[in-house]
Amino acid sequence: MGDRWQVVVDRSVCIGSGMCAAAAPDGFRLDSARQSHPAAPETDAAESVLAAAEGCPVEAITLTVADSGEAVFPPEE
């Protein structure tokens, strides 16, 4: 993919299902309150990170291209 992505988890929406950490264990962590957060605010574009965002049951994860701000997930309509 080649891009770098900015990863944001809306903690006010996150329900702590852990699906993101299961899909991309290098990309997401759950804290002691079972709230998800990105392992790093910026990461190399990866299918596992995209799958984690797409699989979030409450769509709490936003991915954007780091240098342009272009939406990766959810896609702009």
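To be clear, the structure that these remarks concern was listed above.
Residues numbered from 1 in each chain as written. Predicted model: local features only at pLDDT ≥ 70, side-chain atom pairs only at ≥ 80, totals over all residues. Heavy atoms only, no water.

Right, let's talk about empty space enclosed by the protein for a bit. Within this structure, the stated rule accounts for 1 cavity of 30 Å³ or more. By volume, the largest cavity amounts to about 90 Å³. Surrounding the largest cavity, 14 residues form its lining, Cys14, Ser17, Cys20, Cys56 and Pro57 being those nearest its centre. (1 Å grid on protein atoms, 1.4 Å probe; cavity = no way out; pocket = protein on both sides within 12 Å on 5 of 7 lines; lining within 4 Å. Points joined across faces, edges and corners; volume = space filled by probe spheres on them.)

Before going further, it helps to spend a moment on the state of the cysteines. Across all of its chains, the model carries 0 disulfides by this definition. Just so you know, cysteine 20 is unpaired, no disulfide at all, and the nearest cysteine sulfur is the one on cysteine 14, 6.4 Å from it. (Disulfide = S-S within 2.5 Å.)

The 4 strands lie next to each other as S4-S1-S5-S6, forming an open sheet whose pairing is antiparallel. At either end of the open sheet lies a strand with only one pairing partner, and these are strand S4 (42–44) and strand S6 (71–73). Across this sheet, the average inter-strand angle for adjacent strands is 35°, counted without regard to direction. Sheet topology places strand S5 (residues 61–65) next to S6; 2 bridges connect them, and they run antiparallel. The residue of S6 that forms the bridge with threonine 64 is alanine 71. (Pairing = 2+ DSSP bridges. Helix = DSSP H or I, 4+ residues; strand = E, 2+ residues; numbered from the N terminus. Axes fitted to C-alpha atoms, helices over the stretch in contact; angles between N-to-C directions.)

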